[in-house]
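Chain by chain, the residues:
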Amino acid sequence: MIQLSVNLNKVALLRNSRGSDNPGPLQAAVTCIEAGAAGITLHWREDRRHAREDDVRQLLALCKQRGVEFNLEGDPRPELVALALALRPTQLTLVPVTPGEVTSDHGYDLPRQGPEIAPVISAARAAGIRVAVFMDANAERIAGARELGADRVEIYTEPYAAAFGTERAAFELGRVRDSARAAARAGLGVNAGHDLNLDNLPTLAREVPEIVEASIGHALIADALYLGLAETVRRYRRAGEGIDVPSVKTK
Ligand code: PXP
């Protein structure tokens with residue numbers, strides 16, 4: 001079963017577009033938690049185009065109060081590392097950022113980039129924070145995160161999602177499955193994320209049982225426009241159990 005961590009960056013983006021406080025990520029997080037989300041994720045970018053530092057503080061406090069996980073994502077820049085060490089989220093997911101990117105589009109290249117993240121991994125783990133490293137679905141490389149001391153990897157699932165329903169689907173699913181197995185064999189927990197939705201999540205849950213958590217943002221918030229946030233979260237939870245659920249058809 002894949003546990004759902006709802007990424008609320010898109011709610012913050014909508015709020016920021018009017019410079020007001022509506023819609024508020026905090027209220028959205030309450031709704032998601034009450035609808036059964038296992039956790040909340042925020043990707044706090046340096047340019048603050050969606051989540052702000054006060055969002056991280058507020059949502060993390062809410063998650064602690066409600067007993068659900070808070071996953072802080074981001075590149076290991078000093079201000080983010082300092083905030084993580086001060087606030088101690090359940091999980092810190094380290095994500096490489098390329099200036100100007102629209103969204104994260106690749107994982108860490110290990111061992112080449114190991115020295116950039118090894119000290120952050122050990123400092124966060126010493127503070128009691130679970131650390132995940134965002135990685136491409138590459139079975140030969142993925143265990144490199146364990147050598148750096150990480151607890152988990154998050155497998156980048158955009159290629160799987162893009163191939164879903166096409167002739168490349170089995171190939172891309174196989175890459176995720178092989179990577180998840182290699183990670184598990186190395187003693188790593190396995191998360192997944194990027195472009196997951198109600199159509200492609202059930203297959204992943206059934207075929208790759210090593211995956212324990214998926215952080216999902218864009219498609220979930222888009223679906224919520226049609227279904228409402230609470231009903232959307234309930235459907236993603238079932239999808240994470242490997243159950244096929246009705247998705248929103250926009251075409
Ligand atoms: N995982 C990581 C590392 C991400 O950067 C993002 C996007 O913020 C996600 C998961 C969620 O991707 P999506 O918004 O496509 O569900």
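Predicted model only: the values in this text are computed from it and were never measured. (Residues numbered from 1 in each chain as written. Predicted model: local features only at pLDDT ≥ 70, side-chain atom pairs only at ≥ 80, totals over all residues. Heavy atoms only, no water.)

A.B. asks: Lay out the overall build of the protein with the relevant residues and their values.
C.D. replies: A tally of helices and strands in the protein yields 11 helices and eight strands. Against the globule reference of 18 Å for 251 residues, the protein gives a C-alpha radius of gyration of 17 Å, in line with a compact fold. When its C-alpha atoms are laid out on the principal axes, the protein stretches across 45 × 40 × 35 Å. The proportion of buried residues among the 251 residues of the protein is 53%. Put simply, 68% of the contacts in the protein that link residues at least 6 apart link residues at least 24 apart. Accessible surface, the protein: about 11200 Å² in total, of which carbon and sulfur atoms supply 50%. Side chains of the protein carry 30 positive and 33 negative charges; the gap between the two charge centres is 3 Å. (Helix = DSSP H or I, 4+ residues; strand = E, 2+ residues; numbered from the N terminus. Rg over C-alpha atoms; globule rule 2.2 N^0.38 Å. Buried < 20%, exposed > 50% of the residue type's maximum accessible area, 1.4 Å probe, protein only. Contact = heavy atoms within 4.5 Å. Areas by Shrake-Rupley, 256 points an atom, 1.4 Å probe, with all protein chains shown as cover. Lys, Arg positive; Asp, Glu negative; His and termini not counted. Charge placed at Lys NZ, Arg CZ, Asp CG, Glu CD.)

A.B. asks: Talk me through the site of the ligand; I want residue IDs and the actual numbers.
C.D. replies: Around the ligand, the structure places 15 residues, and the nearest of them are Ser104, Glu154, Asp195, Gly217 and His218. Within the contact set of the ligand, a nitrogen atom lies 3.3 Å away from a side-chain nitrogen or oxygen of Glu73. For the ligand, an oxygen atom lies 2.9 Å from a polar atom in the backbone of His218. Here the residues of the shell around the ligand are counted per class, giving three nonpolar, nine polar and three charged. (Near = heavy atom within 4 Å. Polar contact = N/O pair within 3.5 Å; in protein donor to acceptor, adjacent residues only side chain to side chain. Nonpolar A, V, L, I, M, F, W, Y, C, P; charged D, E, K, R; others polar.)

A.B. asks: Could you give an account of the pairing of strand β3 (residues 69-74), naming the residues involved and the relevant values?
C.D. replies: In terms of residue burial, β3 counts as a mostly covered element, since five of its six residues are buried. As judged from the five bridges shared by strand β2 (residues 39-43) and β3, these two strands associate in the parallel manner. Its bridge partner being in β3, Leu42 is matched across the sheet by Leu72. Taken together, β2, helix α3 (residues 53-66) and β3 form a β-α-β motif whose crossover is right-handed. In terms of handedness, the path from β3 via helix α4 (residues 78-87) over to strand β4 (residues 91-94) forms a crossover that is right-handed. (Pairing = 2+ DSSP bridges. Right-handed = clockwise from strand over helix to strand, strands pointing away.)

A.B. asks: Give a detailed account of the sheet that holds β4, specifying residues and quantitative values.
C.D. replies: Taking strand neighbours around the barrel as the criterion, the eight strands line up as β1-β2-β3-β4-β5-β6-β7-β8 in a closed arrangement whose pairing is parallel. Here the average twist between neighbouring strands, direction ignored, is 25 degrees. As judged from the four bridges shared by β3 and β4, these two strands associate in the parallel manner. Bridging from a neighbouring strand, Asn71 pairs with Gln91 of β4. Across the sheet, helix α8 (residues 169-185) lies against β6 (152-156), β7 (189-193) and β8 (211-216), angled at about 170 degrees from β6, the strand it touches most. (Axes fitted to C-alpha atoms, helices over the stretch in contact; angles between N-to-C directions.)

A.B. asks: Could you give me a rundown of helix α5 (residues 114-126), with the residues and numbers involved?
C.D. replies: Between its first and last C-alpha atoms α5 spans 18 Å; for 13 residues at 1.5 Å apiece the expected length is 18 Å, and the two agree. If you check which residues of α5 are buried, you get Gly114, Ile117, Val120, Ile121 and Ala124. Taken down its axis, α5 places every buried residue within 140 degrees of arc, on the same side. Turned more than 90 degrees away from the buried face of α5, the exposed residues are Pro115 and Ala126. On its buried face, α5 is in contact with α4, β4 and β5 (130-135). Looking one or two residues past α5, Gly128 carries a phi angle of roughly 85 degrees, positive in sign. (Expected span 1.5 Å × (residues − 1). Arc of directions from axis to C-beta.)

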